[in-house]
Each structure stands twice: as structure tokens, then as C-alpha cells.
Amino acid sequence: MIRRVLLVDDDRALSTILAAALSDEGFEVATAANGLEGVRRFESDGADLVILDVLMPDLDGLEACRRLRKKSAVPIILLTSRGEEVDRVTGLETGADDYVTKPFSTRELVARIRALGRRVGGGPATAAPPSALGAEVVEAGALRLDPARFEARWRGQAVTLTRSEFQILSALARNRGTVLARERLLDIARGEDAIVTDRTVDTFIKRLRKKLRDVDEAFDEIETVFGVGYRYKD
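Residues numbered from 1 in each chain as written. Predicted model: local features only at pLDDT ≥ 70, side-chain atom pairs only at ≥ 80, totals over all residues. Heavy atoms only, no water.

### Topic: the nonpolar core
If you look at the biggest cluster of nonpolar residues, it comprises 27 residues, and the most contacted ones within it are Leu169, Leu172, Ile222 and Tyr232. For this core, the secondary structure elements donating two or more residues are β6 (138-140), β7 (143-146), β8 (151-154), α7 (163-174), α8 (182-190), α9 (200-215) and β12 (229-232). If one sorts the elements of this core by residue count, α7 sits on top with six residues. Apart from residues no more than four positions distant in its own chain, Leu172 is found in contact with Leu180, Leu185, Ile205, Ile222, Tyr230, Arg231 and Tyr232. (Core = buried A, V, L, I, M, F, W, Y, C linked by side-chain atoms within 4.5 Å. Buried < 20%, exposed > 50% of the residue type's maximum accessible area, 1.4 Å probe, protein only. Helix = DSSP H or I, 4+ residues; strand = E, 2+ residues; numbered from the N terminus. Contact = heavy atoms within 4.5 Å.)

Structure, rendered in C-alpha cells:
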């Protein structure tokens, strides 16, 4: 469950408003004024979820996200004033789980946090279909996924994944040999509460392939079925 939120934003007025709104919703909120301070705060105090503004001094939100992702699979939401798809995709490629484009309402932000909380905590089926995730260990050739431990291994070597990446890989491995449409993978990884684009699932797949190839450069188990979706080799 998401209880402690780390809010990182150099706009002190906005940060104060958001912190108060999140506190009213029952969250324990810590704040930081820039990316560098946010990374240090997370390292010292931890958090169940991190909210990062993209444009900040000293260390911007994208680089802060990259640094956090190297250390943890903590859910990350990016706040951005940029609406172009290329910026949203870049944010997802750094390891973020969701993004909110300014201006936004505090109600929308809270909804996004709760949506991530349901996926983290195994909430209702609309957040992440149980049939796709399951609770038992998944073994597909050299791949081993343990949902209970949130542990992924390829040929015995650990692979650090975000929750969305883990969910997509789990769905593909459980249904190996079967093509899963992009829409299906998006529902599994991000839930029906989140706003997504056609390229979102492609970004997750790109990240998965890179992480697995960092462990084994010969990894090629995830196949692209053009115009349809993706398939894990049978």
C-alpha cells in the first residue's frame, strides 16, 4: 500500500498545495526542492511512491528518475508541463510508471497515486488482471519470475524490473507462444485508470529487452508481431 509519498518540485507554492492535498487524503508527505535533494531524501528516508517534477535545477526529474531506478523499483510519477508525446515517451523510458501533465487537478494526481497503489498492492482486476499476473512462480525456459518475491531471473542472474515491466514480462511468459495485443499489455501494465498512448507498451518492451540483454546480450525471446502486439517465444 502507498502511504509515504516523496514530492520533489522546485515550485514551493505548488509543492505546499500538493502536500496539503495529499495529507488530507491520508498520505504521509515528505518534500524536496530539487532532484538532487530528492534522491538523497529517498536514500535516507525511503518512500512508497515518488513524484518528480521534470524541470528542476541542480538535477532534473528525468535524471533523478534514472538514478532512483538504478536503486529501487519504487513507483514514480513525473509532473511535466510538456504535452508532446516525445516527452512522455522519454519519461517512461527513464523508468517512470506514470506522468501527469500540468496543469492538473489534485483529484487527478490522487487518482493516479491510488491507481498505482492498486497495482502495487494487488488490488482490483481493472488495475492488473489476476489471470495475467497470478501468484505462482513462472518459468519459461531460462526465465524465472517469482511474483511473491517480486524477483526476476534470467539464467540465474537477477534482473531489476519496475512493477509495470514485471507485469508485462509475466503476462508474456505465462502466455508464451501466444500474441498479446498492445491494448491487452497496456491494461495489464498500467490499469484502466491511466492515460496511455500507442507507443507506451513499445517503450516498456524496449526497456525489458535492454535490461535482459544487459544480463545476456543474446536474449531475443520477446518477438514483435507487427500491427498486432508481442509474443514470448514458445
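### Topic: the sheet that holds β12
The strand order across the open sheet built from three strands is β10-β12-β11, with neighbouring strands paired in antiparallel fashion. Every other strand in the sheet has two partners, leaving β10 (180-181) and β11 (222-225) as the edge strands with one partner each. As paired elements, β10 and β12 share two bridges and run antiparallel to each other. The residue of β12 that forms the bridge with Leu180 is Tyr230. Sheet strands in contact with α9 are β11 and β12, and its direction is about 150° off that of β11. (Pairing = 2+ DSSP bridges. Axes fitted to C-alpha atoms, helices over the stretch in contact; angles between N-to-C directions.)

### What about the packing of aromatic side chains?
Evaluated as defined, the whole model comprises two aromatic pairs. Geometrically, the ring pair formed by Trp154 and Phe219 is edge-to-face, given 4.9 Å between the ring centres and 85° between the ring planes. Taken together, the residues Trp154 in strand β8 and Phe219 in the loop between α9 and β11 connect sequence positions 65 residues apart. Overall, the relative accessible area of 2% leaves Phe219 in the buried class. (Phe/Tyr/Trp six-rings, centres within 6.5 Å; stacked < 30°, edge-to-face > 60°.)

### Looking at the pairing of strand β3 (residues 49-53)
Buried residues dominate β3, accounting for five of its five residues. Burial along β3 is two-sided: the residues Leu49, Ile51 and Asp53 and Val50 and Leu52 are all buried. Here strand β1 (residues 4-8) runs beside β3; their pairing, made up of four bridges, is parallel. Residue pairing in the sheet places Val8 in a bridge with Leu52 of β3.

### Some words on the environment of Val215
As for its placement among the helices and strands, Val215 is situated in helix α9. Taking the relative accessible area as the measure of exposure, Val215 reaches 22% and is therefore partly exposed. Counting along the chain gives 62 residues from Val215 to Arg153, while the straight-line C-alpha distance between them is 9.4 Å. Apart from the residues lying within four places of it in its own chain, the contact partners of Val215 are Trp154, Gln157, Ala158 and Val159.

### Some words on the packing of α7 against α9
Across the interface, α7 lies against α9 with an axial gap of 10 Å and an inter-helix angle of 85°. With respect to each other, α7 and α9 are oriented roughly perpendicular. Packed against α7, whose contacting residues are Ser164, Glu165, Ile168, Leu169 and Leu172, the element α9 presents Val201, Phe204, Ile205, Arg207, Leu208, Lys211 and Leu212 at the interface. (Parallel < 35°, antiparallel > 145°, perpendicular 65-115°, else oblique.)

### What about α9?
Along its 16 residues, α9 runs 24 Å from first to last C-alpha, staying within 8% of the 22 Å computed at 1.5 Å per residue. Every buried residue of α9 is accounted for by Thr200, Val201, Thr203, Phe204, Ile205, Arg207, Leu208, Arg209 and Leu212. (Expected span 1.5 Å × (residues − 1).)

### Thoughts on the sheet that holds β7
Consider a sheet: its strands pair through backbone hydrogen bonds, and that pairing is either parallel or antiparallel. Strand order across the open sheet formed by four strands is β6-β7-β8-β9, with antiparallel pairing between neighbours. Because the sheet does not close on itself, it has two edges, and the strands there are β6 and β9 (157-158). In terms of strand pairing, β6 meets β7 through three bridges, oriented antiparallel. Residue Val138 lies in a different strand from β7, and its bridge partner there is Leu145. Its contacts with the sheet place α7 against β6, β7 and β8, and it is angled at close to 120° to β7.

By themselves, these are just geometric observations and shouldn't be taken as functional.
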